[in-house]
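What follows is the residue order along each chain.
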Amino acid sequence: MNVIHEDLQSSSALHDDSENLGDSASNRPVRFRFLRAFGVTFGIVISLGFFHLVGKFLGKEWENSRRQAVYGKNAQRLKRLLLSLQGIFIKAGQLISILSNFLPDYFRKELEDLQDKIPPRPLSEIYERIQKELGKDPGHLFAEFDQTPIASASLAQVHLARLQDGRQVAVKVQYLDIEANTKKDLQTIRQLLSFYGFFLRIKGLGYLHSQFSQMIKEELDFRLEAQHIETIAANFKGNPQVFFPKVIHELSTEKVLTTEYMEGVKISDLENLTERNIDRQALAERVLTAYCQMIFRDGIYHADPHPGNILVQPDGSIVFVDFGAVAKLSDEMKKGILQFFEGVLKRDNDQISAALQQMGLIALHEDNQDVEKLVDYLYSRFLQQMTV
């Protein structure tokens with residue numbers, strides 16, 4: 001619980017910062033939101049482009065000495081923008097923040113606050129949503145309902161409550177305006193990606209938008225999330241080291257999800273883990289084993305593994321929470337992934353090519369030249385780092 005209170009204090013600080021940015025996202029016209037998003041992001045692109053252009057003339061030493069300050073300042077600009085626009089813009093920032101192998105640490109760390117320290121919405125909005133979904137206000141539905149959220153996310157926030165029978169639960173409530181804003185904001189993001197895809201000559205951004213849109217659509221249906229929790233939990237039945245919250249169906253709908261409250265510290269809180277004498281290597285193996293089971297055996301897995309969604313209990317067991325984003329794999333995909341990684345480790349281009357064909361990612365008999373480039377990239381960006 002101490003960790004939760006620390007996060008709430010950080011959340012309050014971010015809330016104070018966001019108030020200085022102007023009106024909330026729900027009060028802003030679509031055109032204004034697009035112009036603000038375009039203006040700030042274009043300014044960041046120009047700033048970074050100009051910095052690297054100057055670096056070509058003044059040398060690597062000059063560029064390296066100023067890189068952290070320049071990237072950090074632009075990351076702060078992006079974070080302020082996302083916090084002011086709220087909604088799925090924050091979700092996009094969360095996805096950016098976990099790209100640890102593609103972004104410099106001093107850029108990525110500025111965006112990590114977007115993972116679980118989002119300014120909370122007014123309590124009146126939460127009460128109104130619960131009233132609409134469950135027919136009664138929280139005072140009649142719960143023996144206790146904590147007015148201060150324990151977590152605020154891009155699409156919803158979570159409040160602690162106590163049932164009439166004494167059980168403690170977490171009540172996840174979608175924001176009132178999220179459906180309308182999501183539709184508009186997805187259009188804005190599509191326009192931004194189209195422009196930057198053309199301007200920066202980046203291919204595939206249209207596909208990225210379609211995947212992001214599908215993910216958001218699924219996250220807005222809490223009935224689907226409840227189903228995911230129960231499906232994956234059943235696959236781990238009897239495992240004493242991996243836990244999932246139980247769904248309280250009578251207090252759950254498409255827009256409100258009530259589950260058993262599970263205590264724990266964030267898996268990224270290394271200081272707290274050390275204080276609790278948690279074996280970090282064993283913990284890492286536990287998480288990796290759980291994901292291997294979900295992906296390679298079960299074919300359905302938790303697809304939003306940021307630190308706020310994996311908790312560690314005092315005995316070192318892990319708890320997965322927030323199943324808004326879940327992915328499923330076909331048998332062909334599961335077999336192909338195993339074949340792919342085995343081929344990468346052996347640097348067997350024929351096996352890698354066969355695996356990509358098995359997964360349907362490349363056509364049959366495609367030229368292995370691109371596969372060779374892929375293997376070289378994997379070794380230069382990932383595998384070599386593992387040996388450092």
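Note on numbering: residues in each chain are counted from 1, in written sequence order. Whole-chain, interface and lining totals are the exception, using all residues; otherwise, since this is a predicted model, local features are given only for residues with pLDDT of at least 70 and side-chain atom pairs are given and counted only at 80 or more. Processing note: side-chain calculations cover all non-hydrogen atoms of the structure and skip hydrogens and water entirely.

Let's talk about the sheet that holds strand β5 (residues 242–243)
Phase 1 of the analysis: Here the rule is simple: two strands pair whenever DSSP picks up at least two bridges between them. Only runs of H or I of at least four residues qualify as helices and only runs of E of at least two qualify as strands under DSSP, and these elements are numbered from the N terminus. If you trace the 4 strands from one edge of the open sheet to the other, you get β5-β10-β9-β7, paired in mixed fashion. At either end of the open sheet lies a strand with only one pairing partner, and these are β5 and β7 (265–266).
Phase 2 of the analysis: Bridge count between β5 and strand β10 (residues 318–320): 2 bridges; the pairing is parallel. Within β10, the position partnered with F243 by the bridge is V319.
Phase 3 of the analysis: The contact definition used throughout considers only heavy atoms, calling two residues in contact when any of these lie within 4.5 Å. For helices, the axis comes from a line fit to the C-alpha atoms of the stretch in contact; other axes are also lines fit to C-alpha atoms, and the angle between any two N-to-C directions lies between 0 and 180 degrees. Across the sheet, helix α12 (residues 280–298) touches β5, β9 (310–312) and β10, and the angle it forms with β10 is around 40 degrees.

Examining helix α3 (residues 60–85)
Phase 1 of the analysis: The end-to-end C-alpha distance of α3 is 36 Å, a good match for the 38 Å that 26 residues give at a rise of 1.5 Å each.
Phase 2 of the analysis: Note on bend: the value at a residue is the angle between axes fitted to the seven residues ending there and to the seven starting there. Considering bend angle alone, the principal kink of α3 is centred on R66 and spans about 45 degrees.
Phase 3 of the analysis: One or two steps after α3, the chain reaches Q86, where phi turns positive at roughly 60 degrees. By this rule, a helix spans an expected 1.5 Å times one less than how many residues it contains.

What to know about the confidence of the model for the chain
Phase 1 of the analysis: Within a predicted model, pLDDT stands for the predictor's per-residue confidence, ranging from 0 to 100. When pLDDT is averaged across the chain, the result is 82; 82% of the residues are at 70 or more.
Phase 2 of the analysis: pLDDT under 50 marks residues 1–27. Its contacts with residues more than four places away, or in other chains, come to 44 contacts.

What to know about the packing of aromatic side chains
Phase 1 of the analysis: Side-chain rings of Phe, Tyr and Trp, where Trp is taken by its six-membered ring, are said to pair if the distance between their centres is within 6.5 Å; with planes under 30 degrees apart they count as stacked, over 60 as edge-to-face, and otherwise as tilted. Applying the stated criterion to the full structure yields 15 aromatic pairs.
Phase 2 of the analysis: Plain terms: the ring middles of F38 and F42 are 5.5 Å apart, the flat faces sit at 10 degrees to each other, and that makes the pair stacked. Note that F38 and F42 are positioned in helix α2 (residues 30–58) at a spacing of 4 residues, about one turn of the helix.
Phase 3 of the analysis: Residue burial is assigned from relative accessible area. The probe radius is 1.4 Å, only protein chains are included, and a residue is buried under 20% of its type maximum, exposed over 50%, and partly exposed in between. Here F42 falls in the partly exposed class, since its relative accessible area comes to 26%.
Phase 4 of the analysis: One aromatic cluster is present, built from ring pairs that chain together F34, F38, F42, F195, Y196 and F199.
Phase 5 of the analysis: Sitting over the face of the ring of Y175, R121 holds its NZ or CZ atom 4.3 Å from the ring centroid. Cation placement over rings: the criterion is NZ of Lys or CZ of Arg within 6 Å of the ring centroid and within 35° of the ring normal.

Structural notes on the packing of helix α8 (residues 178–199) against helix α9 (residues 205–219)
Phase 1 of the analysis: Look at α8 against α9: their axes get within 9 Å of each other, and the N-to-C directions meet at 165 degrees. The angle between the axes of α8 and α9 places the two elements in the roughly antiparallel class. Helix-helix and strand crossings are classified by hand; for α8 and α9 the assignment is right-handed. Residues T182, L186, I189, R190, L193, Y196 and G197 of α8 form the contact with α9, whose participating residues are L205, H209, F212, S213 and I216.
Phase 2 of the analysis: Grouping the amino acids of the contact of α8 with α9 by side-chain chemistry returns 7 nonpolar, 4 polar and 1 charged. An angle counts as roughly parallel when it lies under 35 degrees, as roughly antiparallel when it exceeds 145, as roughly perpendicular when it falls between 65 and 115, and as oblique in every other case. It is the rotation of the near helix from the far one that decides the hand of a crossing: anticlockwise by less than a right angle makes it left-handed, clockwise makes it right-handed. Each residue is assigned to one of three groups, with Ala, Val, Leu, Ile, Met, Phe, Trp, Tyr, Cys and Pro labelled nonpolar, Asp, Glu, Lys and Arg labelled charged, and all others, Gly among them, labelled polar.

Here's the deal with a nonpolar patch on the surface
Phase 1 of the analysis: Grouping into patches uses exposed residues only, defined as over 30% relative accessible area, and leaves out salt-bridged ones; the cut-off is 9 Å for like charges and 5 Å for nonpolar side chains (Val, Leu, Ile, Met, Phe, Trp, Tyr). Using a 1.4 Å probe, the Shrake-Rupley method yields the accessible areas, and only the shown protein chains count as cover for residues. Salt bridges are identified by distance alone: a Lys or Arg side-chain nitrogen within 4 Å of an Asp or Glu carboxyl oxygen. Where nonpolar side chains cluster on the molecular surface, the patch consists of I46, F198, F199, L200 and I202 and spans about 500 Å² of accessible area.
Phase 2 of the analysis: Counting through the fold element by element, I202 comes out in the loop between α8 and α9.
Phase 3 of the analysis: We classify I202 as partly exposed; its relative accessible area is 40%.

Here we look at unusual backbone geometry
Phase 1 of the analysis: Despite not being glycine, Q86 shows a phi value in the positive range, around 60 degrees.
Phase 2 of the analysis: Even without being a glycine, N277 presents a positive backbone phi close to 55 degrees.
Phase 3 of the analysis: With respect to the helices, strands and loops of the structure, N277 is situated in the loop between α11 (270–275) and α12.

Observations regarding the pairing of strand β4 (residues 168–174)
Phase 1 of the analysis: Among the 7 residues that make up β4, 6 are buried, leaving the element largely enclosed by the rest of the structure.
Phase 2 of the analysis: Strand direction decides the pairing type here: strand β3 (residues 156–162) and β4, joined by 7 bridges, are antiparallel. Looking across to β4, one finds that H159 is bridged to V171.
Phase 3 of the analysis: What sits between β3 and β4 in their antiparallel hairpin is a turn of 5 residues, with G166 showing a positive phi close to 95 degrees.
Phase 4 of the analysis: In terms of strand pairing, β4 meets strand β6 (residues 256–260) through 5 bridges, oriented antiparallel. Across the sheet, residue K172 finds its bridge partner in β6, namely L257.

Some words on α9
Phase 1 of the analysis: Across its 15 residues, α9 extends 21 Å between first and last C-alpha, which sits within 8% of the 21 Å expected from 1.5 Å per residue.
Phase 2 of the analysis: The complete set of buried residues in α9 reads L205, H209, F212, S213, M215, I216 and E219. Within α9, the buried residues cover an arc of 165 degrees as seen down the axis, which keeps them to one side. Those residues of α9 that are exposed and aimed more than 90 degrees away from the buried face are G206, Y207 and K217. Directions pointing from the helix axis toward each C-beta atom define the arc.

Examining the packing of α12 against helix α13 (residues 331–346)
Phase 1 of the analysis: Taken N-terminus to C-terminus, the directions of α12 and α13 make an angle of 120 degrees; their axes are 8 Å apart at the nearest point. The angle between the axes of α12 and α13 places the two elements in the oblique class. Touching I295, F296, R297 and D298 of α12 are K334, I337 and L338, all from α13.
Phase 2 of the analysis: Partitioning the contact of α12 with α13 into residue classes produces 4 nonpolar, no polar and 3 charged.

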